[in-house]
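A look at the structure
What follows is each chain in one-letter form.
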Amino acid sequence: MYYYLPSCKVKILFPDISHKIQTYLKNKGVIILGCCKHIDIKLYEDDVVINNCTSCAIIINEKYPFLKQISLYEYLLLQNDYKWPIYSDTKYVIQDCFKARNNASMKNAVRLCLQKMEIEIIELSNGIDFDGTFKHKQIPSDALKAAPKFYSKYQKHIELLNDKEIAIRMSEYINKLPLKNVVVYCNSCYKGLKMADDSCKHILELLFQ
């Protein structure tokens, strides 16, 4: 059975897009779950969980290490009926997420999706430590409880800043990029970069316009 984690943050940031994704997946027979931290159904080894969030992927991996997970981007690449929107002559810097540094399948799928949409990708040589606002806030207690192994280690990377300081840090960062058109696949990265430049896009905005 296929299940989908819609991501609480995606539902808040992009309610219309979240609805479009869920409608598409429901028509495929995919069961929509709730919050990754509070799953209340039994999952089995032959089940597959589809995620669109770096944090959801981490939490499910720690809570259900026996489960197969794929990103929404990997899933879309397997679908023959998905109609890829086309953005010819468009360039985006792709910003990777620190939380996804070991998630090669998600990172590769994001790039393949961008290529399917005919977007020219500009890679960064030093963007792997970026995590938007997440690195500058206290880790939520429910995230620590849901994935204590990962997030207890992550805490050493935290540099607490207030919102004004984060905005300055994000502006300094984006001004060093080769292009201000940036595409991300992480909610925290999106929130951080949007504080500095409104042209930042989440890949979901491009896939489900």
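Here's a quick rundown of the structure. (Residues numbered from 1 in each chain as written. Predicted model: local features only at pLDDT ≥ 70, side-chain atom pairs only at ≥ 80, totals over all residues. Heavy atoms only, no water.)

In this section: the packing of aromatic side chains. Taken as a whole and assessed by the stated rule, the structure comprises 13 aromatic pairs. Their ring planes at 70 degrees and their centres at 5.5 Å tell us that Phe98 and Tyr154 sit as a pair that is edge-to-face. Remark: Tyr154 occurs in helix H7 (residues 148–154) and Phe98 occurs in the loop between strand E5 (90–94) and helix H5 (104–116); sequence separation between them is 56 residues. Taken as a pair, Phe98 and Tyr154 share a single burial class, namely buried. Considering the side-chain rings of Phe150 and Tyr151, the 5.1 Å spacing of their centres and the 85 degrees angle between planes classify their relative orientation as edge-to-face. The same class applies to Phe150 and to Tyr151, which are both buried. Ring-pair connections join several aromatic residues into one group, and the members of that group are Phe98, Phe134, Phe150, Tyr151 and Tyr154. Geometry around Phe98 places Arg101 over its ring, the cationic atom sitting 4.0 Å from the centre. (Phe/Tyr/Trp six-rings, centres within 6.5 Å; stacked < 30°, edge-to-face > 60°. Helix = DSSP H or I, 4+ residues; strand = E, 2+ residues; numbered from the N terminus. Buried < 20%, exposed > 50% of the residue type's maximum accessible area, 1.4 Å probe, protein only. Lys NZ or Arg CZ within 6 Å of the ring centre and 35° of its normal.)

Turning our attention to unusual backbone geometry. Phi at Ser7 takes a positive value of approximately 70 degrees, unusual for a residue other than glycine. Within the secondary structure, Ser7 sits in the loop between strand E1 (2–5) and helix H1 (8–13). Given the relative accessible area of 3%, Ser7 is considered buried. A positive phi angle is found at Asp89, which is not glycine, with a value near 60 degrees. In this fold, Asp89 is placed in the loop between helix H4 (72–77) and E5.

Moving on: the sheet that holds E5. The strand order across the open sheet built from 4 strands is E6-E5-E7-E8, with neighbouring strands paired in parallel fashion. Edge positions in the sheet fall to strand E6 (119–122) and strand E8 (201–202), since each of these pairs with one other strand and no more. Of the pairings in the sheet, the one linking E5 to strand E7 (residues 182–184) comprises 2 bridges and is parallel in character. What sits directly across from Ile94, in E7, is Val183. Each of E7 and E8 touches helix H9 (residues 187–194); the most contacted strand, E7, lies at about 150 degrees to it. (Pairing = 2+ DSSP bridges. Contact = heavy atoms within 4.5 Å. Axes fitted to C-alpha atoms, helices over the stretch in contact; angles between N-to-C directions.)

Taken together, Arg101, Lys149, Lys153 and Lys156 make up a surface patch of like positive charges. Position of Lys156 among the secondary structure elements: in the loop between H7 and helix H8 (163–174). (Patch = residues over 30% accessible without salt bridge, like charges linked within 9 Å, V, L, I, M, F, W, Y side chains within 5 Å. Areas by Shrake-Rupley, 256 points an atom, 1.4 Å probe, with all protein chains shown as cover. Salt bridge = Lys/Arg side-chain N within 4 Å of Asp/Glu carboxyl O. Lys, Arg positive; Asp, Glu negative; His and termini not counted. Charge placed at Lys NZ, Arg CZ, Asp CG, Glu CD.)

This brings us to the sheet that holds strand E2 (residues 31–32). In any sheet, the strands associate via hydrogen bonds between backbone groups, in a parallel or an antiparallel arrangement. Read from one edge of the open sheet, 4 strands run E2-E1-E3-E4, paired in parallel fashion. Two strands bound the open sheet, and with one partner strand each, they are E2 and strand E4 (68–71).

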